Amino acid sequence: MSSTSNEVQHGTKPYWNPYLSGIGLGLVLLLSYVIMGRGLGASGAFSSLVATGVNTIAPEHAKSNEFYNEYLADTTKSPLKDWLVFEVLGVLAGGFISGALAGRIKKTVEKGPRISVSGRLLYAFVGGAIMGIGAKLARGCTSGQALTGGAVLNVGSWAFMLAVFGGAYMIAYFFRRQWK
Amino acid sequence: MNIPFFKYGLFGDDVSLVVAFVIGIGFGFFLERAGFGNGRKLAAQFYFNDLTVFKVMFTAIITAMVGIYYLSVIGWMDLSLVYLNPTYIVPQTIGGLLLGFGFVIGGYCPGTSCVSAVTGKIDGMVYLIGIVVGIFIFGEIFPLVSNFYNSTSMGQITLSQLFNIPYGILVFAVVLMAIGGFAAAEWAEKKLGNKIVEP
């Protein structure tokens with residue numbers, strides 16, 4: 001393995017033990033429940049962003065749409081003054097802090113050796129779009145459903161979680177060139 | 001103790017946004033620590049090379065689950081004040097399948113792509129743009145899918161209520177299953193030659 005020489009050359013530290021990071025993540029989730037009575041999230045912040053964008057460009061169109069309206073309902077404040085939006089800003093800050101402390105901030109494209117950079121970026125875009133549609137249909141993503149609902153034994157969250165793993169394993173073989 | 005604090009009015013909406021930011025920092029920090037800013041590491045879960053995704057997710061779930069259960073048993077936390085996302089079983093399962101597809105094709109989920117983008121990964125940044133476009137597509141087609149979106153409603157319901165099994169027994173069963181899963185994951189990783197993805 002070249003990781004030892006990399007550590008010396010670039011100061012890049014290895015990732016933490018998964019159980020240790022898992023306990024850390026679990027305690028953050030627990031803290032969120034204790035302080036706020038709600039769990040974590042991610043995709044909801046992007047819904048607020050999209051609803052705000054549509055509302056800025058085409059307010060009539062946004063108001064006539066039930067989905068956007070859910071994020072625009074409270075007209076006394078900006079839809080971006082939202083719990084999940086601030087939480088995701090924190091995620092960006094926390095990810096940066098951790099990456100900086102471990103020397104892991106690097107301009108790069110994560111991919112397997114058998115796919116081109118542009119091919120990988122196209123897949124990233126398409127995968128993100130499918131994820132965006134799926135997360136809205138499911139009323140949450142890996143954070144808002146799987147982690148958050150999983151910890152309080154929510155029925156829909158557990159069905160969702162099984163479906164995520166099932167869906168990923170179902171098609172992994174066909175996309176192996178991207179990763180292996 | 002009056003837990004959850006916010007529900008007992010210990011502080012208002014403005015302070016809750018500060019809380020959101022601080023909790024988000026913790027969330028992002030541990031996601032990056034686990035290696036979840038790296039699409040190769042996340043995708044490796046689905047090729048059985050590196051089962052970190054499973055290990056981290058289920059360690060996090062049982063840590064929070066046991067903590068919440070314990071706080072409610074000793075009477076400090078009112079579980080009825082905790083937000084439970086209502087269940088719409090079919091759209092949530094189909095949505096989950098789509099997320100699984102997006103995970104393998106794109107390499108991330110929404111939270112992990114934030115950490116990826118902010119640590120310099122171009123694929124993570126492009127993925128974020130994809131999410132925004134996907135949500136916009138969903139918003140535009142919402143009038144067509146809203147019936148399906150609101151179908152098979154089961155209300156706010158826990159596995160304990162669905163299967164009529166005491167909450168504590170289920171908590172115990174999930175912990176046992178997770179520990180069994182961890183043992184199987186460790187065994188599988190060794191068997192397949194320890195191809196753990198490094199930074």
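Our structure's up above, just so we're on the same page.
Residues numbered from 1 in each chain as written. Chains lettered and ligands numbered in written order. Predicted model: local features only at pLDDT ≥ 70, side-chain atom pairs only at ≥ 80, totals over all residues. Heavy atoms only, no water.

## What to know about the overall build of chain B
Link 1 in the chain: Of regular secondary structure, chain B possesses 8 helices and 2 strands.
Link 2 in the chain: In sequence order, chain B lays out its α and β elements as α-α-α-β-α-α-α-β-α-α.
Link 3 in the chain: When the backbone C-alpha atoms are referred to their principal axes, chain B occupies close to 45 × 45 × 35 Å.
Link 4 in the chain: Expressed as a percentage of the 199 residues in chain B, the buried residues total 56%. (Helix = DSSP H or I, 4+ residues; strand = E, 2+ residues; numbered from the N terminus. Buried < 20%, exposed > 50% of the residue type's maximum accessible area, 1.4 Å probe, protein only.)

## A short note on the overall build of chain A
Link 1 in the chain: Tallying secondary structure elements over chain A gives 10 helices and 0 strands in all.
Link 2 in the chain: The helix and strand sequence of chain A, counted from the amino end, reads α-α-α-α-α-α-α-α-α-α.
Link 3 in the chain: Taken along its principal axes, the extent of the C-alpha atoms in chain A is 55 × 40 × 30 Å.
Link 4 in the chain: Here chain A holds 180 residues, and 56% of them are scored as buried.
Link 5 in the chain: Of the contacts formed within chain A by residues at least 6 apart in sequence, a portion of 56% connects residues at least 24 apart. (Contact = heavy atoms within 4.5 Å.)

## Re helix α2 (residues 18-36) of chain A
Residue and element names in this part refer to chain A.
Link 1 in the chain: For α2, with 19 residues, the first-to-last C-alpha span of 26 Å sits near the 27 Å given by 1.5 Å per residue.
Link 2 in the chain: In terms of burial, α2 is a largely internal element, 14 of the 19 residues being buried.
Link 3 in the chain: Of the residues flanking the start of α2, the one acting as N-cap is N17, its side-chain oxygen 2.7 Å from the backbone nitrogen of Y19.
Link 4 in the chain: A positive backbone phi angle near 80 degrees is found at G37, which sits one or two residues after α2. (Expected span 1.5 Å × (residues − 1). Polar contact = N/O pair within 3.5 Å; in protein donor to acceptor, adjacent residues only side chain to side chain.)

## A few points about the packing of helix α8 (residues 142-150) of chain A against helix α3 (residues 52-73) of chain B
Link 1 in the chain: At their nearest, the axes of α8(A) and α3(B) sit 8 Å apart, and the two run at 50 degrees to each other. The angle between the axes of α8(A) and α3(B) places the two elements in the oblique class. Residues T142(A), A146(A), L147(A) and G150(A) of α8(A) form the contact with α3(B), whose participating residues are M57(B), A60(B) and I61(B).
Link 2 in the chain: Looking at the contact of α8(A) with α3(B) residue by residue, the classes come out as 5 nonpolar, 2 polar and no charged. (Axes fitted to C-alpha atoms, helices over the stretch in contact; angles between N-to-C directions. Parallel < 35°, antiparallel > 145°, perpendicular 65-115°, else oblique. Nonpolar A, V, L, I, M, F, W, Y, C, P; charged D, E, K, R; others polar.)

## Considering the environment of T148(A)
Residues and elements named next belong to chain A.
Link 1 in the chain: Relative to the helices and strands, T148 resides in helix α8.
Link 2 in the chain: Looking at T148, the relative accessible area reads 9%, which means it is buried.
Link 3 in the chain: Along the sequence, T148 and N65 sit 83 residues apart, while their C-alpha atoms lie 28 Å from each other.
Link 4 in the chain: Ignoring any residue separated from it by four or fewer positions in sequence, one finds T148 in contact with L29, Y33, G39, L40 and S143.
Link 5 in the chain: Here L40 takes part through its backbone nitrogen, which lies 2.9 Å from a polar atom of the side chain of T148.

## Quick word on a positive patch on the surface
Link 1 in the chain: Side chains of R114(A), R176(A), R177(A), K180(A) and K195(B) sit close together on the surface and give a patch of like positive charge.
Link 2 in the chain: Here R177(A) lies in helix α10 (residues 176-179). (Patch = residues over 30% accessible without salt bridge, like charges linked within 9 Å, V, L, I, M, F, W, Y side chains within 5 Å. Areas by Shrake-Rupley, 256 points an atom, 1.4 Å probe, with all protein chains shown as cover. Salt bridge = Lys/Arg side-chain N within 4 Å of Asp/Glu carboxyl O. Lys, Arg positive; Asp, Glu negative; His and termini not counted. Charge placed at Lys NZ, Arg CZ, Asp CG, Glu CD.)

## Topic: unusual backbone geometry
Link 1 in the chain: Look at the link from I3(B) to P4(B): it is a cis peptide, with omega at 0 degrees.
Link 2 in the chain: Position of P4(B) among the secondary structure elements: in the segment before α1 (13-34).
Link 3 in the chain: Positive phi is not limited to glycine here, since R139(A) has a value of about 65 degrees.
Link 4 in the chain: Positionally, R139(A) belongs in the loop between α7 (117-137) and α8.
Link 5 in the chain: The phi torsion at L153(A) lies on the positive side, around 55 degrees, for a residue other than glycine.
Link 6 in the chain: Inspection of the secondary structure assignment puts L153(A) in the loop between α8 and α9 (155-172).

## Quick look at the interface of chain A and chain B
Link 1 in the chain: Each side of the interface is counted separately: chain A has 119 residues, and chain B has 123 residues.
Link 2 in the chain: Both faces combined, the contact of chain A with chain B buries some 11,000 Å², and carbon together with sulfur accounts for 76% of it.
Link 3 in the chain: Summed over the three residues of chain A that lose the most area to chain B, namely Y15(A), R139(A) and L153(A), the buried surface amounts to 8% of that side.
Link 4 in the chain: The interface formed by chain A and chain B holds 4 salt bridges in total.
Link 5 in the chain: Ionic pairing is found between K81(A) and D14(B), a salt bridge with its closest N-O pair at 3.3 Å.
Link 6 in the chain: For the pair chain A and chain B, the number of links is 45 residue pairs in polar contact (both at pLDDT 80 or more). (Buried area = accessible area lost by both parts, 1.4 Å probe.)

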